[in-house]
Amino acid sequence: MKNEKSMMKIVVIGGSGLIGSKLVTKLREHGHQAVAASPNTGVNTVTGEGLEEVLEGVSVVVDVSNSPSWEDAAVMKFFETSTRNLLASEAAKGVEHHVALSVVGSERLLESGYFRAKIAQENLIKGSSIPYSIVRATQFFEFVKGIADFSTDGNKVLLPPALIQPMAADDVASAVGRIAVGAPVNGTVEVGGPEKFRLDELIRRGLAALKDPREVVTDPHARYYGIELSENALLPQDDARLGETRFEDWLRRSADKGGAREIGQRT
Ligand SMILES: NC(=O)c1ccc[n+]([C@@H]2O[C@H](COP(=O)([O-])OP(=O)(O)OC[C@H]3O[C@@H](n4cnc5c(N)ncnc54)[C@H](OP(=O)(O)O)[C@@H]3O)[C@@H](O)[C@H]2O)c1
């Protein structure tokens, strides 16, 4: 993490999650005081429980939480309520930098309530008085089985051949960490993986590595989380910062760790 300031106290909202737990570890390895905050540790951004206390003396808040429900109304309520509560508490406590993780292409995916909620989250951050950095990432490699499960009909997985540039959760956490310890950009930074794939082909390779017997069927009209995808909808901008980990290397490493399970755990 180049150009970082000296030791900082950083609260990671969603610090027990996939990205959050990796981020807390990385920040601590770089000598920062990283506090993992989530309902499990008594901090609930929806009810406000524990927020005031955990933000005491904190200069940076990183929000990598996620909604427990992706149902349209529930996910909107989660991101709106949680973000409003967080920003209000941060303003009261003098937090100097709010960092949030969002998704590349959200404005092109508005047929889905999940992405409408992510845009609402981004807009609340942009409209607040707290200096901020929004990090938009592409789909995580760990999400491959989740995509397959959502698109499964019987023993077939129906997916369009749209382009996708996924990345390892570890690279996402590194990118978020670098931004969290730097100056606020008061804007959006996009991060993506090193290679582009066709969505159907990516999922086919992932399921093969998992020895999952489902057949991936290429269907240009199949929907992705209810969305009819245009060819480039999931791709980051040309100036996106790219992670280093390649999908095949990640699959091999996961398998070596006994962890085709690592992909399998994500739903
Ligand atoms: N999946 C993708 O491919 C992708 C791509 C780009 C961006 N993203 C974004 O990445 C972010 C993190 O995703 P993830 O997969 O790492 O999430 P995750 O593993 O599902 O973790 C979610 C975290 O949110 C916490 N949380 C839930 N309700 C909370 C509440 N009321 N108050 C405080 N914390 C709460 C959970 O805490 P408990 O463990 O205590 O319940 C957990 O730590 C999301 O915002 C998502 O939009 C995802």
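For the structure, check the block above.
Residues numbered from 1 in each chain as written. Predicted model: local features only at pLDDT ≥ 70, side-chain atom pairs only at ≥ 80, totals over all residues. Heavy atoms only, no water.

### Some details on the sheet that holds strand S11 (residues 215-218)
Thought 1: Strand order in this open sheet of three strands is S6-S7-S11, and the pairing throughout is mixed. Of all strands in the sheet, those with a lone pairing partner are strand S6 (152-153) and S11, marking the two edges.
Thought 2: Alignment of S6 against strand S7 (residues 156-159), held across two bridges, turns out to be antiparallel. Across the sheet, residue Thr152 finds its bridge partner in S7, namely Val157.
Thought 3: Each of S7 and S11 is contacted by helix H7 (residues 199-209), which is oriented at about 175° to S11, the strand it contacts most. (Pairing = 2+ DSSP bridges. Helix = DSSP H or I, 4+ residues; strand = E, 2+ residues; numbered from the N terminus. Contact = heavy atoms within 4.5 Å. Axes fitted to C-alpha atoms, helices over the stretch in contact; angles between N-to-C directions.)

### Examining the sheet that holds strand S4 (residues 97-103)
Thought 1: Spatial ordering of the open sheet is given by S2-S1-S3-S4-S5-S9-S12, a layout of seven strands whose pairing is parallel. The open sheet terminates on both sides in strands that have one partner only, identified here as strand S2 (33-37) and strand S12 (241-242).
Thought 2: Inspection of the sheet shows S4 paired to strand S5 (residues 132-137) by six bridges, in the parallel sense. Within S5, the residue paired with Leu101 across the bridge is Val135.
Thought 3: In the packing of helix H1 (residues 18-29) onto the sheet, contacts are made with strand S1 (9-13), S2, strand S3 (60-63) and S4, and the angle to S2 comes to roughly 165°.

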